[in-house]
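Topology and contacts: notes
What follows is each chain in one-letter form.
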Amino acid sequence: CYNPKPGQVTPPSQSSKGPIFQTGNKSQGFARAGEVMFASLTQREDYNPEAEANVHFKPLVVLPEVAVKAGEEEEKAVFSHRAKLFRFDNKINQWRERGVGDMKLLRNKSTNKTRVIMRRDQVLKIC
């Protein structure tokens, strides 16, 4: 059924005897042929599952600890609730989201004045 054109390679027929590629003599080949090249860790002779990894990296730069003040130390939280803050943009005549986080009413202990503060989640920036 298959008639090749002149110069075209013909595929081997299914009735041909033996494999297309022969390996030759097994004794010839590369050194250490047949050995496992990339053994898993558990197959290595020196593997000890009881040994503990003792890995420690020294820091490149040693930074001193700094006390960070949020400005809320002298105030008491009267009210706190999770909220979403919006602002109105006059240029596009639309409400824009300013941030999501905890909105607090903080009362100063000495002056007894109350202020509203809202910090964004995760970054704790003021909205």
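Use the structure listed above.
Report on the accompanying structure.

Rules and cut-offs
- Residues numbered from 1 in each chain as written.
- Predicted model: local features only at pLDDT ≥ 70, side-chain atom pairs only at ≥ 80, totals over all residues.
- Heavy atoms only, no water.
- Patch = residues over 30% accessible without salt bridge, like charges linked within 9 Å, V, L, I, M, F, W, Y side chains within 5 Å.
- Areas by Shrake-Rupley, 256 points an atom, 1.4 Å probe, with all protein chains shown as cover.
- Salt bridge = Lys/Arg side-chain N within 4 Å of Asp/Glu carboxyl O.
- Helix = DSSP H or I, 4+ residues; strand = E, 2+ residues; numbered from the N terminus.
- Pairing = 2+ DSSP bridges.
- Axes fitted to C-alpha atoms, helices over the stretch in contact; angles between N-to-C directions.
- Phe/Tyr/Trp six-rings, centres within 6.5 Å; stacked < 30°, edge-to-face > 60°.
- Buried < 20%, exposed > 50% of the residue type's maximum accessible area, 1.4 Å probe, protein only.

This part takes up a nonpolar patch on the surface. Judged by side-chain polarity, L60, V61 and L63 come together as a nonpolar surface patch covering roughly 420 Å² of accessible area. For L60, the position within the fold is in the segment before β1 (75–89).

Further remarks concern the sheet that holds β1. The strand order across the open sheet formed by three strands is β1-β2-β3, and the pairing between neighbours is antiparallel. Sheet topology places β1 and β3 (114–120) at the edges, where each strand pairs with a single neighbour. Here the strands of the sheet are splayed against their neighbours by 35° on average, with no regard to which way each runs. Both β1 and strand β2 (residues 94–108) contribute to a ladder of 14 bridges, which runs antiparallel.

Turning our eyes to something else, we now look at the packing of aromatic side chains. Remark: the centre distance and the inter-plane angle together describe each pair of aromatic rings, the angle taken between the planes. Under the defined criterion, the tally for this structure stands at one aromatic pair. On the numbers, 5.2 Å between centres and 70° between planes, the contact of F88 with W95 is edge-to-face. Residue classification places F88 among the partly exposed residues on the basis of a relative accessible area of 36%.

Before going further, it helps to examine the pairing of β3. As judged from the seven bridges shared by β2 and β3, these two strands associate in the antiparallel manner. Following the sheet pairing, R107 is matched in β3 by T114. With antiparallel pairing between neighbouring strands as the criterion, β2 and β3 make up a hairpin whose turn holds five residues, including N112 at a positive phi of roughly 65°.

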